[in-house]
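Structural description and commentary
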Amino acid sequence: MNSKGWGVLYGLCFAVALGWGATGFVEGGCDWHYDGQRSACGVPDGYGWHAAVFIIAALSFPPLCWTVIRTDDWRPSLGISVGAAVALAITLSTGITRGFLILAAVEAAIAMGVPLILRRVGAGRRGRGG
């Protein structure tokens with residue numbers, strides 16, 4: 001598998017992990033802790049894996065930009081689209097409250113927008129004009 005193939009796989013795994021973690025955040029909500037002077041939001045019991053996967057996926061975003069989000073070829077970004085579509089299915093299968101619908105709209109925008117933007121930017125950079 002060449003570097004573009006690995007980029008597709010990386011984008012797919014990134015989008016699924018980020019979407020699954022975000023779905024857990026929406027589902028779990030916030031566990032508020034008060035100590036008299038301050039209040040803090042914590043991860044509720046049973047949602048620690050969602051938080052860990054979300055944080056790991058978020059920290060892997062800079063290498064993803066270097067590997068997948070390229071202006072010379074937009075096709076590696078299709079992995080992000082497929083992953084965002086899978087994350088969209090995970091989100092909507094979990095619930096259809098306002099929070100889930102907002103997250104689903106963001107995932108749908110990412111699934112459609114990233115390849116279209118990269119194709120447009122890459123074509124314009126090569127001088128073909130879109």
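The rules behind the values
- Numbering of residues starts from 1 in each chain and follows the order in which that chain's sequence is written.
- A pLDDT threshold of at least 70 governs which residues receive local features in this predicted model, and a stricter bar of 80 or more applies before side-chain atom pairs are shown or counted, although totals over entire chains, interfaces and linings include all residues.
- Hydrogens and water molecules were not included; the side-chain quantities draw on all heavy atoms of the structure.
- The term nonpolar core refers to a set of buried residues drawn from Ala, Val, Leu, Ile, Met, Phe, Trp, Tyr and Cys, joined through side-chain atoms within 4.5 Å.
- When accessible area is computed with a 1.4 Å probe and restricted to protein chains, residues below 20% of their type maximum are described as buried, those above 50% as exposed, and intermediate ones as partly exposed.
- Whether two residues are in contact is decided by their heavy atoms, any of which lying within 4.5 Å being enough.
- Secondary structure is summarised from DSSP: a helix means a run of H or I of at least four residues, a strand means a run of E of at least two, and numbering begins at the N terminus for each.
- By disulfide we mean two sulfur atoms from cysteines, separated by a distance within 2.5 Å.
- For salt bridges, the criterion is a side-chain nitrogen of Lys or Arg within 4 Å of an Asp or Glu carboxyl oxygen.
- Only the six-membered ring of Trp is used, alongside the rings of Phe and Tyr, when aromatic pairs are assigned; centres must lie within 6.5 Å, and planes under 30 degrees apart are stacked while those over 60 apart are edge-to-face, with the rest tilted.
- To estimate the expected span of a helix, count its residues, drop one, and scale the result by 1.5 Å.
- Summarising the geometry, the arc corresponds to the directions from the helix axis toward the C-beta atoms.

**Observations regarding the nonpolar core**
- Counting residues in each nonpolar core, the largest one holds 5 residues, listed as F14, A57, L64, V68 and I80.
- In contact with A57, other than residues within four places in its own chain, are F14, A17 and L18.

**Overview of the environment of I110**
- Its place among the elements puts I110 in helix α5 (residues 98–126).
- Look at I110 and you get partly exposed, because its relative accessible area is 35%.
- Sequence spacing of I110 and A84 is 26 residues, and the spatial spacing of their C-alpha atoms is 6.7 Å.
- Leave out the neighbours within four places in its chain, and I110 touches I80, A84 and P115.

**Examining the state of the cysteines**
- If you walk through the whole model with that rule in mind, you get 1 disulfide.
- Across the disulfide from C30 sits C41; the S-S distance is 1.6 Å. Linking C30 in the loop between α1 (3–28) and β1 (31–34) with C41 in strand β2 (residues 39–42), this pair joins segments that are 11 residues apart in sequence.
- A residue is classified by how much of its surface remains accessible, and C30, at 30% relative accessible area, is partly exposed.

**Remarks on the pattern of salt bridges**
- Scanning the entire structure with this criterion turns up 1 salt bridge.
- Taking the shortest distance from any N to any O, the salt bridge between D35 and R38 comes out at 3.7 Å. Comparing D35 with R38, the two get one shared label, exposed.

**A short note on the packing of aromatic side chains**
- Inspection of the entire model under this criterion finds 2 aromatic pairs.
- Each ring, one from F14 and one from F61, has its centre 5.8 Å from the other, and the planes form 35 degrees; the classification is tilted. With F14 in helix α1 and F61 in helix α3 (residues 61–67), the pair connects residues that are 47 residues apart, well separated along the chain.
- Here F61 falls in the partly exposed class, since its relative accessible area comes to 37%.
- Ring centres of F25 and F54 lie 5.1 Å apart, and the angle between their planes is 70 degrees; this geometry places the pair in the edge-to-face category. In this pair, F25 is assigned in helix α1 and F54 in helix α2 (residues 48–59), connecting sequence segments 29 residues apart.
- Using a relative accessible area of 34% as the deciding quantity, one classes F25 as partly exposed.

**Considerations on α2**
- End to end, α2 covers 17 Å across 12 residues, agreeing with the expected 16 Å (1.5 Å per residue, within 8%).
- Regarding α2, the residues found buried are H50, A51 and A57. The buried residues of α2 occupy an angular sector of 135 degrees when the element is viewed end-on, so they sit on one face. Summarising the geometry of α2, the exposed residues directed more than 90 degrees from the buried face are W49, I56 and L59.

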